[in-house]
Amino acid sequence: MLACKDLKIEFDRKSVLKGVTLEFPAQRISAIIGPSGCGKSTLLRAFNRMHDLTPGAQVTGSVTLNDREIYASDEDPVLIRRRIGMVFQKANPFPTLSIYENVISGLRLSGVRNRAVLQEAAEKALMDSAIWDEVKDRLKSNPMSLSGGQQQRLCIARALAVDPEVLLMDEPCSALDPIATAKIEELMFRLRERLIVVIVTHNMQQAARASDRTAFLWMGELIEAGETEAIFTSPKKSMTEDYITGRFG
Amino acid sequence: MSQSHQLRKLHGHIMEGVCLLAALAAVIPLFAFLWHLVAMGAGAFSPALFTQLPLPPGEVGGGLRNAIQGSLLVVGIATMIGIPVGLGAAVFMSEFAKPSIASGLRFSCDVLSGVPSIVMGLLAFQMVVRPMHHFSAFSGSVALAFIMMPVVVITTQEMLRLVPHSLREAGHALGIPAWRIASSISLRAAAPGILTGAILAISRIAGETAPMLFTAFGNPFMSMDPKAPIATLPHTIFTYAISPYEDWHRLAWGGALILVLGILGATLLSRFILWWHQRSLNS
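Residues numbered from 1 in each chain as written. Chains lettered and ligands numbered in written order. Predicted model: local features only at pLDDT ≥ 70, side-chain atom pairs only at ≥ 80, totals over all residues.

Student: Even after reading the chapter, I still don't get the interface of chain A and chain B, so can you show me in this structure?
Tutor: When the parts come together, some accessible area is lost, and that loss is often what is quoted as the size of the interface. Facing the 23 residues of chain A at the interface are 17 residues of chain B. Elements represented by at least two residues in the side of chain A that touches chain B include exactly helix H2 (77-83), strand S6 (84-87), helix H3 (99-108) and helix H6 (148-161) of chain A. No other element matches H2(A), which puts four residues into the side of chain A that touches chain B. Its residues assigned to classes, the side of chain A that touches chain B shows twelve nonpolar, seven polar and four charged. (Contact = placed C-beta atoms within 7 Å. Helix = DSSP H or I, 4+ residues; strand = E, 2+ residues; numbered from the N terminus. Nonpolar A, V, L, I, M, F, W, Y, C, P; charged D, E, K, R; others polar.)

Now the structure itself:
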């Protein structure tokens, strides 16, 4: 289980996340929803310590993965990120590497040399991301020749190849058409078996149909979290109801 | 109304004509100098120019073999110092340094790149020639490396700046160590631009004359010893051009043509690399 407790994040002393406590159970897809600027991406990026790379970012509180503190002083953020993978809003394959090299980049650039191991990991990751059939004959091609949806699935394959325990997805479908979106959602359901999946989305239909749990964030604060069905059919807070029915945000 | 309109149109045509003349004036020196150079230098072009050593004044013939090979040696050593240091500094500034430190270093490089080359020669004289007590090819290389470093830093940094931040972020999110992101992702994405900048930096220093006067010093004989004075093309052109001998003037023109053709070739090569890279990205 991934969990955060009283998580606060500031950028240059400006508070963006104001103490969020949330749990993301295993074998569940959790969605984080909320209006633009509410801090959903900021929250997501705290889970794999991406804020360590931003000068002026200050993270306080606790994030644990299976009861181990991710922000402990003896934890190496580089190793944390191998356990907690991330997919971004805009597909970002490495344009100077081939499709195959992209998939194995996380392993190879971390020092894995064994060709058989790399090959096997690449095939498995591409199959898990439901893109194997589309790229198996063009593994040496440039990834920029793929469509947007294929590029995003390639990025998911790249994240899966390092065998993470958690997959963080930051609005992964916002640049994709409905068919490509459906493919990624299907993929999420299959990944749920073995990964904790956390998805940030501004698309409420997506949260409703593709997640098990939903958290609603507003102005850096957690308003409500629970089973997706409960949130969308009988929210406890009127603010949640207003947001999901489109009255604001 | 229509009269003022006509006047304005006339005014427009005149201004356009003035600008066209200015544009022509700007490129005339290039063509005039190329024409002159080819006319004067082509006569000196022969296998002997590349294979023979200069003869004593008064004897007709000879070539610039010592200066050509000397230039290659001095520029080669300068490149081996200047490119790695410049590249390393640029990577540090773009990938690792805090923004305040990076901008301080960048400002220093901007200042350095504007320092006159003769001052860099003086610096190399102080740092290398005086301790060694004699002129040397190596001191010339040091002077050229000083000139080259800020140029390499600036172009490399500009090219690294063009690499999208999202690629570095993707690397971090995969748990790739920072130095590997710098070497295998950022540098690789910027490689064609960096290579182009390096070629231009090499061609820039290949023509430097002033710092050679009191570092490499020149040498009428064949020498490939980095510790000894050495002939270089720009310095030999200078020496021969101001000499009173007709045949040395001819060699100076030949040398100038070699130098310009080399620089032109390097510029074309760098353009080709960029074009080729652009094409491979689009296909």
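Student: Explain the confidence of the model for chain B to me, please; I cannot follow it from the model alone.
Tutor: Where the model shows low pLDDT, its predicted coordinates should not be examined in detail. Averaged over all residues, the pLDDT of chain B equals 92, while 99% of them reach at least 70. Both scores are available for the predicted complex, with the pTM at 0.85 and the ipTM at 0.93. (pLDDT = per-residue confidence, 0-100.)

Student: Would you take a moment to explain the sheet that holds S6(A) for this structure?
Tutor: All names here are of chain A. Sheet architecture is open: six strands sit in the order S6-S7-S8-S3-S9-S10, paired in mixed fashion. In this open sheet, the two strands that pair with only one neighbour each are S6 and strand S10 (221-227). Here the strands of the sheet are splayed against their neighbours by 15 degrees on average, with no regard to which way each runs. (Pairing = 2+ DSSP bridges. Axes fitted to C-alpha atoms, helices over the stretch in contact; angles between N-to-C directions.)

Student: Looking at this structure, I do not really get the sheet that holds strand S4 (residues 57-65) of chain A. What am I missing?
Tutor: By definition, the strands of a sheet pair up through backbone hydrogen bonds, in either a parallel or an antiparallel sense. All names here are of chain A. The sheet built from four strands is open, its strands ordered S2-S1-S4-S5 with antiparallel pairing. Both edges of this open sheet fall to strand S2 (14-24) and strand S5 (68-69), since each of them pairs with a single strand only. Sheet topology places strand S1 (residues 2-11) next to S4; eight bridges connect them, and they run antiparallel. Bridging across to S4, Leu-2 finds its partner in Leu-65.

Student: Explain the environment of Thr21(A) here, please?
Tutor: In this fold, Thr21(A) is placed in strand S2. For Thr21(A), the contacting residues outside a window of four places in its chain are Cys4(A), Lys5(A), Asp6(A) and Leu222(A).

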